[in-house]
Amino acid sequence: MLTKVIEQSKIDHFAKWFERAEKIVIVSHVGPDGDAIGSSLGLWHFFNSQDKIANVIVPNAFPDFLKWMPGSKDVLLYDHYKEFADQLIAEADVICCLDFNAIHRIDAVGEAVLASPARKILIDHHLHPEDFCKIIISHPEISSTSELVFRLICRMGYFSDISKEGAECIYTGMMTDTGGFTYNSNNREIYFIISELLSKGIDKDAIYRKVYNTYSESRLRLMGYVLSQMKVYPDYHAALISLTKNEQGKFDYVRGDSEGFVNIPLSIKGVVFSCFLREDTEKPMIKVSLRSVGTFPCNQLASEFFNGGGHLNASGGEFYGTMEEAKAVLEQALEKFKPLLNAKG
C-alpha cells in the first residue's frame, strides 16, 4: 500500500475540475527529459481514457531515445506550432503544469499559460514552487513527477483505467529521473509502484533498452572524446567534463546525445561530485549539470554559483559567459564547498 502523500483536499479540488473539464492541456519544461515526457504522456493517456480532449505541449524538441513512447508523436512542440498551441492553451478548461516549479522553465509557453483563463494545477517535485497555479502539488521528497502522476490517478480512484501505454510512460519517467534507480530511489514505495505498473503488462527490461541502448555510433565516439578531456580534482573528490559548440559539431551532435554523461565520472573511486558544462546549441549560454553521491548538496552549489537548483544529488543551472569563465566559477565553487566534499570523500 502507498502512503497518502498528496493532501486529500487537493485531490478533491482537482477531481471537481476534472469532472467538469472537456479540454485539458498539459505543459512541461524546456528541454524535456524522460520525466517531463513520461509524466505528461502518462497523464495524457489517462485523460484520453476518460474521453477528455487532451493535448501535451512542450517548448521544444525532446531526445530521440524518448520518441518510442506511446503518444510521443502527438506531443506539440511550441517552437514549431506556436499559433495552434496558443489557441489550445487559451481554450483549455484546465492546464496541468508538470515537472517544473517556475514559469520561466517553460520559456515562451509561459506567457500563454499565464494569459489563459483556464484553471491551473502544478504537479512537481522540485524545491520552492512559484505561486502561479491554483492547486500546487509539490513534493520534493518524491523521486519523480511521474511517480506523483501515478499517485494522483490512484488517489482519484482510477488505477484500473491506467493503460499499458500510460504505465510505460510513467515507468520511463520514474526510471530516467533516478538514473535507472541508482539515486534518490531508496523509498520502498517506488518499488511497490513498479510492481503495480508491471501488472499492467509493461516490459521494464525492454523500456531500459529503448532508452539507454539505442544510441548512435557518433554518440559513443562523442562520449569517448568527452571523457578523454575530463579533469579530475582529487583534492575535492570532484570531476569536470565539458563540451563546446565546436566539439558538438565534430560529432554530429543531436539533442539528447550527451544525456547521462554527467553521471559517468561518479564511477571513479573517490569522486563524489561531477559537473558537466555544455554550450547550448540554441541559446548563448552554458548548460550546467551537476550530480553527486551521498549527501553532497548539488542543489546548494547550483543555486549559489549557477543560478539553478534541483535535487540533492541531481541539479542544474545556467551560465552566461565563456567556457573558461564557467570552469573558473566551478573551481571557485569547489573551493567554497571543499569541507563538504572532503567530508564525503
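Residues numbered from 1 in each chain as written. Predicted model: local features only at pLDDT ≥ 70, side-chain atom pairs only at ≥ 80, totals over all residues. Heavy atoms only, no water.

Some words on the overall build of the protein chain
When helices and strands are tallied, the protein chain shows 13 helices and 12 strands. At 20 Å, the protein chain has a C-alpha radius of gyration in line with the 20 Å of a compact globule built from 345 residues. C-alpha atoms of the protein chain, sized along the principal axes, occupy 60 × 45 × 40 Å. Looking at the protein chain residue by residue over its 345 residues, the buried ones come to 54%. Summing over all exposed atoms, the protein chain offers an accessible surface of approximately 15300 Å²; the carbon and sulfur share of this is 50%. A distance of 3 Å separates the average location of the 36 positive side-chain charges in the protein chain from that of its 45 negative side-chain charges. (Helix = DSSP H or I, 4+ residues; strand = E, 2+ residues; numbered from the N terminus. Rg over C-alpha atoms; globule rule 2.2 N^0.38 Å. Buried < 20%, exposed > 50% of the residue type's maximum accessible area, 1.4 Å probe, protein only. Areas by Shrake-Rupley, 256 points an atom, 1.4 Å probe, with all protein chains shown as cover. Lys, Arg positive; Asp, Glu negative; His and termini not counted. Charge placed at Lys NZ, Arg CZ, Asp CG, Glu CD.)

A closer look at helix α9 (residues 217-228)
Taking 1.5 Å per residue as the helical rise, α9 with its 12 residues ought to reach 16 Å, and the 17 Å between its terminal C-alpha atoms agrees with that figure. Within α9, the full set of buried residues consists of Arg219, Leu222, Met223 and Val226. An end-on view of α9 places all buried positions within 105° of arc, on one side of the element. Turned more than 90 degrees off the buried face of α9, the exposed positions are Glu217, Leu220, Arg221 and Ser228. Tucked inside the fold, the buried residues of α9 contact β8 (238-243). (Expected span 1.5 Å × (residues − 1). Arc of directions from axis to C-beta. Contact = heavy atoms within 4.5 Å.)

A few points about the UniProt feature "domain: DDH" (unreviewed entry) in the protein chain
According to UniProt, the positions carrying the feature "domain: DDH" (unreviewed entry) are residues 23-174. The span residues 23-174 is 36% helix and 19% strand, and its two end C-alpha atoms sit 27 Å from each other. (UniProt positions renumbered as here; feature names shortened; annotations may be inferred.)

So, the UniProt feature "domain: DHHA1" (unreviewed entry) in the protein chain
Under the local residue numbering, the UniProt record ascribes the feature "domain: DHHA1" (unreviewed entry) to residues 251-335. Within the segment residues 251-335, helix and strand shares are 26% and 26% respectively, and the terminal C-alpha atoms sit 33 Å apart.

As for the nonpolar core
Side chains that are nonpolar tend, in soluble globular proteins, to be buried together. Core analysis: the biggest nonpolar cluster contains 52 residues, and Phe14, Leu43, Phe47, Cys96 and Leu197 have the highest contact counts within it. Counting residues in hydrophobic clusters, the runner-up holds 25 residues, among them Leu240, Val272, Ile286 and Ala326. (Core = buried A, V, L, I, M, F, W, Y, C linked by side-chain atoms within 4.5 Å.)

Notes on the sheet that holds strand β12 (residues 314-319)
On the basis of which strands lie adjacent, the open sheet formed by six strands has the order β7-β8-β9-β10-β12-β11 and mixed pairing. Only two strands of the sheet have a single neighbouring strand rather than two, namely β7 (231-233) and β11 (309-310). Taken together, the seven bridges between strand β9 (residues 273-279) and strand β10 (residues 286-292) define a ladder with antiparallel strand orientation. Across the sheet, the residue bridging to Phe273 is Ser292, located in β10. (Pairing = 2+ DSSP bridges.)

Quick word on the pattern of salt bridges
Close approach of charged atoms allows side chains of opposite charge to pair. Summed over the entire model, instances satisfying the criterion amount to 13 salt bridges. Across the pair Asp107 and Lys283 runs a salt bridge whose closest N-O atoms are separated by 3.0 Å. Residue Asp107 is found in the loop between β4 (94-98) and α4 (109-115), and its partner Lys283 is found in the loop between β9 and β10; the two are separated by 176 residues along the sequence. Assessed through its relative accessible area of 36%, Asp107 is described here as partly exposed. Judged by its relative accessible area of 32%, Lys283 is partly exposed. Residues Glu189 and Arg151 are paired through a salt bridge, measuring 2.7 Å at the closest nitrogen-oxygen approach. Note that Glu189 is positioned in helix α7 (residues 188-198) and Arg151 in helix α5 (residues 145-155), a separation of 38 residues in sequence. Among the ionic contacts, a cluster of salt bridges with common partners joins Glu147, Arg151 and Glu189. (Salt bridge = Lys/Arg side-chain N within 4 Å of Asp/Glu carboxyl O.)

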